[in-house]
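Residue-level structure breakdown
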Amino acid sequence: MANKRIMKEYAEVTNNPPAGCKISLENEGDMNLWNVVMDAPSDSIYAGGHFKIVIKLPKEYPFKPPVLNFKTKLYHPNVTNDENGSMCLGMLRPDEWKPPNKIADVLKLVRTVLAAPQPDDAVEQGIADQYKNDRKAFEKTAKDWVSKYAK
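To start, this report covers the structure provided alongside it. If you're wondering where the values come from, they're calculated on a predicted model, not measured in any experiment. (Residues numbered from 1 in each chain as written. Predicted model: local features only at pLDDT ≥ 70, side-chain atom pairs only at ≥ 80, totals over all residues. Heavy atoms only, no water.)

1. Things to note about helix 3 (residues 125-133)
Buried within helix 3 are the following residues: Ile 127, Ala 128 and Tyr 131. Mapping the buried residues of helix 3 onto a view down its axis gives an arc of 100°, with all of them on the same face. Seen from the open side of helix 3, the exposed residues pointing more than 90 degrees away from its buried face are Gly 126 and Asn 133. Buried-residue contacts for helix 3 involve helix 4 (135-149). (Buried < 20%, exposed > 50% of the residue type's maximum accessible area, 1.4 Å probe, protein only. Helix = DSSP H or I, 4+ residues; strand = E, 2+ residues; numbered from the N terminus. Arc of directions from axis to C-beta. Contact = heavy atoms within 4.5 Å.)

What follows is the structure, encoded as structure tokens:
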């Protein structure tokens, strides 16, 4: 049984979704597993890409943070380059998460980080180094991956 907070937030984000986001449930009746299709910001190198994200809300939500995973491969210094597609976001760390935070805020931050990678807070150091030292090569690979995986 989902808690009232999750049900309220789900209603809010489906009635008034954050920019570039479509939200649905993975399975009808399971309010703790959300699917998000996020359109990359049009002014980013990921423009034109559609990224599938799964959000898992723990039973203890909002007292514990949600877990967010990209299911679409993404060449980005803040997203793990593996089958998990975990994103490094400060607000999702257990020590930084605050119960007043909402999923809509998380999604807005994800879109911001998509548009402006944070190489100093990277989970993929090689990609972060390339972003800092050879931006042209980084952008070419990122755009290739959008074409290959995110259309």
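2. Focus: the sheet that holds strand 1 (residues 21-25)
Strands pair in a sheet through their backbones, by hydrogen bonds, and they do so in one of two ways: parallel or antiparallel. The 4 strands are arranged 1-2-3-4 in an open sheet whose pairing can be described as antiparallel. The open sheet has two edge strands, strand 1 and strand 4 (67-70), and neither has a second partner. Neighbour to neighbour, the strand axes of the sheet diverge by 25° on average, direction disregarded. Where helix 1 (residues 4-15) meets the sheet, its contacts fall on strand 1 and strand 2 (33-39), and the angle it forms with strand 1 comes to roughly 140°. (Pairing = 2+ DSSP bridges. Axes fitted to C-alpha atoms, helices over the stretch in contact; angles between N-to-C directions.)

3. Some points on helix 1
For helix 1, built from 12 residues, the straight-helix expectation of 16 Å at 1.5 Å per residue is met to within 8% by its first-to-last C-alpha distance of 16 Å. Within helix 1 the residues assigned to the buried category are Ile 6, Glu 9, Tyr 10 and Val 13. Summarising the axial view, the buried residues of helix 1 lie within an arc of 105°, below the 170-degree limit, and thus occupy one face. Set apart from the buried face of helix 1 by more than 90 degrees, the exposed residues are Lys 4, Lys 8 and Asn 15. The opening residue of helix 1, the one whose side-chain oxygen lies 3.0 Å from the backbone nitrogen of Arg 5, is Asn 3. (Expected span 1.5 Å × (residues − 1). Polar contact = N/O pair within 3.5 Å; in protein donor to acceptor, adjacent residues only side chain to side chain.)

These values are about where atoms sit, not about what they do.
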